[in-house]
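Overview (structure and organization)
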Amino acid sequence: MFYRKSVRKFSKMTESYGHIGSVVATYWFISITLVFVNKSLLSGGESVDAPMFVTWYQCLVSVLACYAIRTVSRMFPGRFSFPSLQLDPHIIKQVLPLSVVFISMITLNNLCLKHVTVSFYYVGRSLSTVFNVLLTYFVLGQKTSLPTITCCAIILGGFYLGVFQEDVSGSFSMLGTVFGVLSSFFVSLNAIFTKKVLPAVDGNIWALTFYNNVNACILFLPMMLVFGEVPVVVSFEYLTSPNFWFLMTIGGIFGFAIGYVTGLQIKVTSPLTHNISGTAKAAAQTVLATQWFMETKSFLWWLSNMVVLGGSLAYARVRQLEMKNNTPEKTVSKVMETSKDNSASEEENTLQKV
């Protein structure tokens, strides 16, 4: 009897860990693949010098993915649900401020990836945590604890060392780094606007994703005209290449999927575990990038990455303890933390997009 109970308990535990492992592996695969695919589209062999066009197409794919999932949910209503996708002009207007921040975030993110190496990409966009703390204080008026400030100082130190080492190695891009810093700022700003706009869609993150991407598809059109991307796209030599459109579509699908798998990873683990997973993923992504592109880095370059990763991990732990203690003067908006988790990635430009 005891043996049977032990076997059943072990079987359930194995099944649970197997499910968690598969979710984490899926998150890693989609997140890392998305970065490499976008890098290929922005500065690879068949890259197009039109980052806004690339981002516009991926937003369009996200909108179409919403419609596809909505159709499937109607066919199998008992399996899962998806919100109605009827366009409401009033909601479109309410979501518009967030959409402006959103397109700034993902455009700057892609511009950063276009100009920096994949191995430096994480460090180049590592200041989201710092901007979270600054905006929490200056916009929300909430104080920040000394341990949190210490973690931010560690991240800043690692960022500075990383920039210095990129310069020493000859691969530093000032433009790409500036885009990375600005992208980090808009990631944090996106979190604040998400909190304000969510009530407009009854708190439904999928509905917000849909309206956000619809607005983005519209807003990108005049931007592509103003920045002269239309002639570039029309004259692009690989415009009819199946490989180019395959990568564009994969980027759009994975960009849409990252929001779901991020939320799923948080659900089956915890916000802290998700942060640890994201930090480990960033380390793996950096190592993989150096091997894939056959880059040789110095000890101090690797140290800068470790400092940023360590500071980010420490910040996640500090935030967990502060929210557990629930001390008002130490509590930073939980929505901002969740949005940062979803971004991380992206960061991957995240659906964090929400």
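Everything numeric in this text was worked out from a predicted model, so none of it was measured.

Looking now at the packing of aromatic side chains. Evaluation of the coordinates by the stated rule reveals 17 aromatic pairs. Each ring, one from Phe 53 and one from Trp 245, has its centre 6.2 Å from the other, and the planes form 85°; the classification is edge-to-face. In this pair, Phe 53 sits in helix 2 (residues 51-75) while Trp 245 sits in helix 10 (residues 242-268), placing the two residues 192 residues apart along the sequence. Owing to a relative accessible area of 27%, Trp 245 belongs among the partly exposed residues under this scheme. Note on Phe 82 and Trp 206: the rings are 5.7 Å apart at their centroids and 40° apart in plane angle, and the pair reads as tilted. One end of the pair, Phe 82, is in the loop between helix 2 and helix 3 (89-115); the other, Trp 206, is in helix 8 (residues 205-226), and 124 residues separate them in sequence. Judged by relative accessible area, Phe 82 falls into the buried class, the value being 8%. The positively charged end of Lys 196 is found above the aromatic ring belonging to Phe 193, 5.8 Å away from the centroid.

Taken together, the side chains of Leu 134, Tyr 137, Phe 138, Val 139 and Leu 140 define a hydrophobic patch exposed on the protein surface, amounting to about 490 Å² of accessible area. Structurally, Leu 140 is set in the loop between helix 5 (128-138) and helix 6 (146-169).

This part takes up unusual backbone geometry. At Asp 202, a position not held by glycine, the phi torsion is positive, near 55°. Along the chain, Asp 202 turns up in the loop between helix 7 (174-197) and helix 8. Residue Asp 202 is classed as exposed on the basis of its relative accessible area of 75%. Residues other than glycine seldom take positive phi values, yet Met 294 does so here, at roughly 50°.

Conventions and cut-offs
- Residues numbered from 1 in each chain as written.
- Predicted model: local features only at pLDDT ≥ 70, side-chain atom pairs only at ≥ 80, totals over all residues.
- Heavy atoms only, no water.
- Phe/Tyr/Trp six-rings, centres within 6.5 Å; stacked < 30°, edge-to-face > 60°.
- Helix = DSSP H or I, 4+ residues; strand = E, 2+ residues; numbered from the N terminus.
- Buried < 20%, exposed > 50% of the residue type's maximum accessible area, 1.4 Å probe, protein only.
- Lys NZ or Arg CZ within 6 Å of the ring centre and 35° of its normal.
- Patch = residues over 30% accessible without salt bridge, like charges linked within 9 Å, V, L, I, M, F, W, Y side chains within 5 Å.
- Areas by Shrake-Rupley, 256 points an atom, 1.4 Å probe, with all protein chains shown as cover.
- Salt bridge = Lys/Arg side-chain N within 4 Å of Asp/Glu carboxyl O.

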